[in-house]
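Chain by chain, the residues run as shown.
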Amino acid sequence: MTHVEDELNSQPECWRRAAAQAGAHGPVLPAPGERVAVVGCGTSYFMAQAVAALREEAGQGETDAFAASEFPHRRAYDHVVALTRSGTTTEVLDLLGGLRGRVRTTAVTADPGTPVMSLADGTAVLDYADERSVVQTRFATTALTLLRAHLGLHTGAVEEDARTALATPLPEGLVDCRQFTFLGRGWSVGLACEAGLKMREAAQSWTEAYPAMEYRHGPISITTRGTATWMFGTAPDGLARQVRDTGGLWVEGILDPLAELVRAQRLAVAVAAARGLDPDRPRHLTRSVVLAP
């Protein structure tokens, strides 16, 4: 078993622990009414998008998501939350250093022995969700679970859905598809983007991701036999039929969207195996992007 398989299989237990610790971490996480920015790089940026949408939908306050390198310094925020598995990513460290003394900051990380611990005003360490694989799975979803639980939006049913996602066979013919499109709505748009990234990283696949209603505005033109379109959450009316009419494979989102992401992680590993690739060692990638001065 690869590291990424072992790590993605451990997600239900990681989520349970994160949800149980949400109260303890509450003092360093955003309070209701604060204007918040959530930042990250790569996978963490897509989790930031999901968190921002969830928090606004919950009525907790205006919340934006940015890639750490694209943070708008002219905007005023009460609190900036950085998601960083390694705690060493250059763009995140540069941003937190630049915000010191100006804006309250919190880092959610997996490694308490890294520079981010001294740069952020507060930290939430999820060391039990750290990973050996370059490809992120459980840290990203566990960080999202912590913040989702902090908002009062996580239940044990999500963990049960994750167990179902791990135990249920993938749809027939899915691994053989040559192109994959992931769709979301609201907070699941970020999850759809992350599913596409997992397929690119682990399996070198041609993937795309969109808000579901945007799919009709051009992207559906690539859909045909041998392609798959996977919905995270409830699909817009008529979209499943339109995809099937093209000859493409439609994958219904039957579980909580975060559990659907677990299914997509499994697909990435399965496609990598079918193509003779090592999902633990994606080409051109390292565990953390650390730039020379």
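1. Comments concerning the overall build of the protein
And step 1. If you tally the helices and strands in the protein, you get ten helices and nine strands.
And step 2. For the protein, whose C-alpha radius of gyration is 18 Å, the value lies close to the compact-globule estimate of 19 Å for 293 residues.
And step 3. When its C-alpha atoms are laid out on the principal axes, the protein stretches across 55 × 40 × 40 Å.
And step 4. Taking all 293 residues of the protein together, the buried fraction comes to 57%.
And step 5. Summarising the internal contacts of the protein: among those between residues at least 6 apart in sequence, 72% fall at separations of at least 24.
And step 6. Only carbon and sulfur atoms are counted for the fraction: they give 50% of the accessible area of the protein, which is about 12100 Å².
And step 7. If the 28 positive side-chain charges of the protein are averaged to one point and the 34 negative ones to another, these points end up 2 Å apart.

2. Here we look at the pattern of salt bridges
And step 1. Taken as a whole, this structure holds eleven salt bridges when the rule is applied.
And step 2. The salt bridge involving D256 is made with R148; its shortest N-O contact spans 2.7 Å. With D256 in the loop between β9 (249-251) and α10 (257-274) and R148 in helix α6 (residues 138-150), this residue pair connects regions lying 108 residues apart in the sequence.
And step 3. Take D256: its relative accessible area is 13%, and that puts it in the buried class.
And step 4. Accessibility expressed as a relative area gives 6% for R148, which makes it buried.
And step 5. Residue E194 is joined to K198 by a salt bridge in which the shortest nitrogen-to-oxygen separation is 2.3 Å. Pair noted here: E194 and K198 are both in helix α8 (residues 188-203), with a separation of four residues, about one helical turn.
And step 6. For K198, a relative accessible area of 1% translates into the label buried.
And step 7. Counted as one network, the salt bridges with shared partners bring together E194, K198 and E201.

Criteria and cut-off values
Residues numbered from 1 in each chain as written. Predicted model: local features only at pLDDT ≥ 70, side-chain atom pairs only at ≥ 80, totals over all residues. Heavy atoms only, no water. Helix = DSSP H or I, 4+ residues; strand = E, 2+ residues; numbered from the N terminus. Rg over C-alpha atoms; globule rule 2.2 N^0.38 Å. Buried < 20%, exposed > 50% of the residue type's maximum accessible area, 1.4 Å probe, protein only. Contact = heavy atoms within 4.5 Å. Areas by Shrake-Rupley, 256 points an atom, 1.4 Å probe, with all protein chains shown as cover. Lys, Arg positive; Asp, Glu negative; His and termini not counted. Charge placed at Lys NZ, Arg CZ, Asp CG, Glu CD. Salt bridge = Lys/Arg side-chain N within 4 Å of Asp/Glu carboxyl O.

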